Amino acid sequence: MSDYNINLNNLQSPSNTPRQDNSQYTKAFFASLGVALVVAIVEAIIAMIFGAEYMLVLIIGAVVVGFPIRSLVESNTVKGAIIGAICCPLTYFLYQIILAMFGYYYENSGELEFWLLLIGSAVYGAYIGYNND
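Scope of this entry: the structure provided in the associated data block. Being a predicted model, the structure only gives us computed values, none of them experimental.

## Focus: a nonpolar patch on the surface
A surface patch of nonpolar side chains, about 620 Å² in accessible area, is lined by M55, L56, I59, I60, V63, V64 and F67. Exposure remark for M55: the relative accessible area of 37% places this residue in the partly exposed category.

Listed below in structure tokens is the structure:
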């Protein structure tokens, strides 16, 4: 029994990378929600002023919403992918709600463009949240 001299005071974690606590994910979620709301308002204002819906503005908005997710969530986490998959399409959805509240409707190709942008932004958000290197 003397061969098994185990010191329990100096135990270390098997992995050398520190685990990120849930507060970072909460912070990333609420930060990206706030950015999504601001971006949706700005996109709606641009669409109302120019009288048209610009795809480039919508894509730039999704990229901007990805920044807080990318900076606050560590890479290769499912929680980050879920946050991205929720907040990026939420931006486009809020944009459409704001336009509808003021009586604007710019969908030229009907529902197909709406669903493509909504699903595309969800895929982009999940990608950014999971693989943010």
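Next comes the rest of the write-up.
## Brief notes about the environment of T26
As for its position among the elements, T26 is in helix α1 (residues 22-50). Spatially, the C-alpha atom of T26 lies 9.7 Å from that of V73, the residues being 47 residues apart in sequence.

## Focus on the packing of aromatic side chains
Each aromatic ring pair is specified by the distance between its two centres and by the angle formed by the two planes. Across all of its chains, the model carries three aromatic pairs by this definition. With a centroid separation of 5.6 Å and an interplanar angle of 70°, the aromatic rings of F29 and F30 are classed as edge-to-face. For F29, a relative accessible area of 25% corresponds to the partly exposed category. The class of F30 is exposed, set by a relative accessible area of 55%. Centroid distance F50 to Y54: 6.2 Å. Interplanar angle 75°. Geometry classified as edge-to-face. On the basis of relative accessible area, F50 is assigned to the exposed category, the value being 57%. Classification of Y54 by relative accessible area gives partly exposed; the value is 40%.

Parameters at a glance
Residues numbered from 1 in each chain as written. Predicted model: local features only at pLDDT ≥ 70, side-chain atom pairs only at ≥ 80, totals over all residues. Heavy atoms only, no water. Patch = residues over 30% accessible without salt bridge, like charges linked within 9 Å, V, L, I, M, F, W, Y side chains within 5 Å. Areas by Shrake-Rupley, 256 points an atom, 1.4 Å probe, with all protein chains shown as cover. Salt bridge = Lys/Arg side-chain N within 4 Å of Asp/Glu carboxyl O. Buried < 20%, exposed > 50% of the residue type's maximum accessible area, 1.4 Å probe, protein only. Helix = DSSP H or I, 4+ residues; strand = E, 2+ residues; numbered from the N terminus. Phe/Tyr/Trp six-rings, centres within 6.5 Å; stacked < 30°, edge-to-face > 60°.

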